[in-house]
Amino acid sequence: MTSGQTTARVPIRPGQRPAVRAGERQRVKQDKIVAIAMEHFATHGYEGARAESIAAAAGVSKGAIFGYFGSKAGLFLAAYQSATRTFSRYLDAPADIVDQGFFATMSYWLAHTPHMIHEDWIPYRVVLIGSYCADLRLKREISKYMQREDPYGTREFVRFGVERGEVRRDIETELIISLVDWLIDRCQDAIVTEELDPGLFSYHTQSAQVREQRVAQFVELLRSAISAQGTTKGSS
């Protein structure tokens, strides 16, 4: 608009709201469906969750869910993606922890997992279900998403360790990334199940002291495999 021009205002009648773009309405509706789906999958599991129950809670038809997500597996994939995006990335740890280095940062996140679970258990349960789902096609899509999006920032984290001289350079970085990703996931899965499903992965529950010892042992085991030659515990 140039100087001297004016624009005419269209009066809005009482109770009338400005039009909202259809695309935005659809996105909001889909986000609501995914949020409710996360709760249902976390509570009932993949097999136990019902599309019709999710649709009723979201105030939409069952057909709308399949229209948006294609299938129940597609809905779970969207819920899984949403769950992973609620978690912090490795290098989002407090600055004083990151300053201590790669293994200190890893220890921090593993030690804080139980506390974070109790703050919001739903995304942890959804990710756990996705990790052990029996649907191979869904599992393949989850794996492709994790490799493509890297929601936890594992690549950045490993390269951080390499640049600091803590992580080996004589092994292909992508191999170390895969190793760290897989092993930390399994360690956290065990912690999550002890908090949410005691006894699922073992015959007895673990005390906080035993869990802390196992986290320390896990980090040392991983350190022995991927730490750069000449670095020791506590070195930076």
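Residues numbered from 1 in each chain as written. Predicted model: local features only at pLDDT ≥ 70, side-chain atom pairs only at ≥ 80, totals over all residues. Heavy atoms only, no water.

**Q** Mind showing me how you'd approach helix 4 (residues 72-84) here?
**A** Each full turn of the α-helix corresponds to 3.6 residues, which orients residues three or four apart in the same direction. In a regular helix each residue adds 1.5 Å, so 13 residues correspond to 18 Å; helix 4 covers 18 Å between its end C-alpha atoms and thus fits that length. For helix 4, a buried count of 10 out of 13 residues is recorded, marking the element as mostly surrounded by other parts of the structure. When helix 4 is considered as a whole, its buried residues turn out to be G74, L75, F76, L77, A78, A79, Y80, Q81, A83 and T84. (Helix = DSSP H or I, 4+ residues; strand = E, 2+ residues; numbered from the N terminus. Expected span 1.5 Å × (residues − 1). Buried < 20%, exposed > 50% of the residue type's maximum accessible area, 1.4 Å probe, protein only.)

**Q** What is the right way to read the environment of D120 from this model?
**A** In this fold, D120 is placed in the loop between helix 6 (102-119) and helix 7 (121-131). On a C-alpha basis, the gap between D120 and T86 in space is 9.7 Å, while along the polypeptide they are 34 residues apart. Side-chain polar atoms of D120 contact the backbone nitrogen of I122, separated by 3.5 Å. (Polar contact = N/O pair within 3.5 Å; in protein donor to acceptor, adjacent residues only side chain to side chain.)

**Q** Is there a simple way to think about the packing of helix 4 against helix 8 (residues 136-149) in this case?
**A** How two helices sit against one another is set out by the angle between their axes and by the gap between those axes. Taken N-terminus to C-terminus, the directions of helix 4 and helix 8 make an angle of 30°; their axes are 10 Å apart at the nearest point. One way to sum up the angle between helix 4 and helix 8 is to call them roughly parallel. Note on packing geometry: the crossing formed by helix 4 with helix 8 is right-handed. Of the residues in helix 8, those in contact with A73, F76, L77, Y80, Q81 and T84 of helix 4 are L138, E141, I142, Y145, M146 and R148. (Axes fitted to C-alpha atoms, helices over the stretch in contact; angles between N-to-C directions. Parallel < 35°, antiparallel > 145°, perpendicular 65-115°, else oblique. Left-handed = near helix turned anticlockwise from the far one by under 90°. Contact = heavy atoms within 4.5 Å.)

**Q** How do you make sense of the side chain of D189 when you look at a structure like this?
**A** Its place among the elements puts D189 in helix 10 (residues 173-196). Among the polar contacts listed, one links the side chain of D189 to the side chain of R186, at a separation of 3.0 Å.

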